[in-house]
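Survey of secondary and tertiary structure
For reference, the chains in residue letters:
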Amino acid sequence: MPDEATVPELVRAWIGGWTVSRGAADPAPEPWGWSIDVGQPRHVWRHVLPAPAEADVRKLTEGTTVPWTWLKLFTEEERVLPWVGPGWHQDVPGYLMTLPLRPEHPAVPAGYRITTWHRGGTVRALVRTADGAFAARGQLGLAPAVPLGGRTDAPPVAVPDQIETAPEHRRRGLGSLLMRTLQHEAHAAGARTALLVGTTEGRALYTSLGWTLRSPMASLWYDPATPTGRPPGGS
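Now for a description of the structure that goes with this document. Note that the structure is a prediction, hence the values are computed from the model and not measured. (Residues numbered from 1 in each chain as written. Predicted model: local features only at pLDDT ≥ 70, side-chain atom pairs only at ≥ 80, totals over all residues. Heavy atoms only, no water.)

Moving on, we get to the overall build of the protein chain. Across its full length, the protein chain carries five helices and 12 strands. By the compact-globule yardstick of 18 Å for 235 residues, the protein chain fits well, its C-alpha radius of gyration being 18 Å. By residue count, 49% of the 235 residues in the protein chain fall in the buried class. Taking the intrachain contacts of the protein chain between residues at least 6 apart in sequence as the baseline, contacts between residues at least 24 apart amount to 67%. In the form shown here, the protein chain has an accessible surface area of approximately 10900 Å², with 53% of it arising from carbon and sulfur atoms. Each charge class in the protein chain was averaged separately, 23 positive and 22 negative side chains, and the resulting centres sit 7 Å apart. (Helix = DSSP H or I, 4+ residues; strand = E, 2+ residues; numbered from the N terminus. Rg over C-alpha atoms; globule rule 2.2 N^0.38 Å. Buried < 20%, exposed > 50% of the residue type's maximum accessible area, 1.4 Å probe, protein only. Contact = heavy atoms within 4.5 Å. Areas by Shrake-Rupley, 256 points an atom, 1.4 Å probe, with all protein chains shown as cover. Lys, Arg positive; Asp, Glu negative; His and termini not counted. Charge placed at Lys NZ, Arg CZ, Asp CG, Glu CD.)

Here the focus is the side chain of His43. The residue His43 is located in strand β3 (residues 43–49) in this model. Using a relative accessible area of 8% as the deciding quantity, one classes His43 as buried. Side-chain polar atoms of His43 contact the side chain of Arg46, separated by 3.2 Å. Setting aside residues up to four positions removed in sequence, His43 forms contacts with Trp18, Val38, Trp68 and Trp70. (Polar contact = N/O pair within 3.5 Å; in protein donor to acceptor, adjacent residues only side chain to side chain.)

Okay, the pattern of salt bridges next. Tallying each qualifying case throughout the model produces four salt bridges. Here Asp161 and Arg22 are joined by a salt bridge, their closest N and O atoms 2.6 Å apart. Of this pair, Asp161 sits in strand β10 (residues 157–165) while Arg22 is found in helix α1 (residues 7–22), placing the two residues 139 residues apart along the sequence. As a salt-bridge pair, Arg137 and Glu164 come within 3.9 Å of each other at their nearest N and O atoms. Pair noted here: Arg137 is in strand β9 (residues 134–143) and Glu164 is in strand β10, with a separation of 27 residues, a long-range link. (Salt bridge = Lys/Arg side-chain N within 4 Å of Asp/Glu carboxyl O.)

What follows deals with the nonpolar core. Val127, Ala158 and Trp211 are the most contacted members of the largest nonpolar core, which totals 25 residues. Elements that contribute at least two residues to this core include exactly β6 (94–100), β8 (122–129), β9, α4 (174–188) and β11 (193–198). Ranked by residues supplied to this core, first place goes to α4 with six residues. Residues Ile15, Ile36, Val159 and Val197 belong to the second largest nonpolar core, which totals 20 residues. (Core = buried A, V, L, I, M, F, W, Y, C linked by side-chain atoms within 4.5 Å.)

Strand direction decides the pairing type here: β9 and β10, joined by seven bridges, are antiparallel. Residue Gly141 lies in a different strand from β10, and its bridge partner there is Val159. Relative to β11, β10 is paired through two bridges, and the arrangement is parallel. Within β11, the position partnered with Val157 by the bridge is Thr193. For the crossover that starts at β10, traverses α4 and ends in the parallel β11, the hand is right-handed. (Pairing = 2+ DSSP bridges. Right-handed = clockwise from strand over helix to strand, strands pointing away.)

Before going further, it helps to spend a moment on the side chain of Ser215. Among the secondary structure elements, Ser215 is positioned in strand β12 (residues 212–222). The buried category is assigned to Ser215, whose relative accessible area is 6%.

It is worth spelling out helix α2 (residues 54–63) at this point. Every buried residue of α2 is listed here: Val57, Leu60 and Thr61. Down the axis of α2, the smallest arc covering the buried residues is 90°, so these residues share one side. More than 90 degrees from the buried face of α2, the exposed residues found are Ala55, Lys59, Glu62 and Gly63. In this fold, the buried residues of α2 make contact with β3, β4 (69–73) and β5 (88–90). (Arc of directions from axis to C-beta.)

Now for unusual backbone geometry. Notably, Gln162 is not glycine yet its phi reads approximately 55°, a positive angle. With respect to the helices, strands and loops of the structure, Gln162 is situated in strand β10. The exposure class of Gln162 is partly exposed, given its relative accessible area of 35%. For Arg171, which is not glycine, the phi torsion reads 60° and is therefore positive. The residue Arg171 is located in the loop between β10 and α4 in this model. Judged by its relative accessible area of 87%, Arg171 falls in the exposed class.

Spelled out as structure tokens, the structure:
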């Protein structure tokens, strides 16, 4: 990952892989960032601001009328929360992180097996027990080449997404197995840089695997009919 890559460059690369992973519409450029038509019942729109300014955030939040519109603001929560009016709710905070990719050959813990497959620019990995029961899963989207740090010859970028382990199989190294397997598959597919937005819990795992924090992210969603609270997190 070029050290000179700016946060807006990294965010643009991240949403490129995220939209591939989720099957969302292509990001639409806006003066303040990008809008994405996600098209899910609890995630209709997503507005992404890589360098949020108070005037833009206030205009967006005051003008939103569609429930389950989301904002992804790449800054500290404490900075942007005073700009947000009624009807908006905090999701769990996120952390934009990057990793230079290399070949990986993780050992599979005893009693488990892992399967990977590629389809439509998305790589998926599934961990099962020896008898076939679900244990963990993850995927990543391979974004088209995105110039980073002024480079014009950049290879594709990999964006890991929706990494999860069943509660009864946690703390057995499956998260590390998933990530290192996906990283290996992405490198084999030509990607040399990976980006993700992780939760507070996920950040510890990713840091242990060599990922570098590049920016905090505040996540907000709109629904005036929902009591104050946080829904299940997801970047």
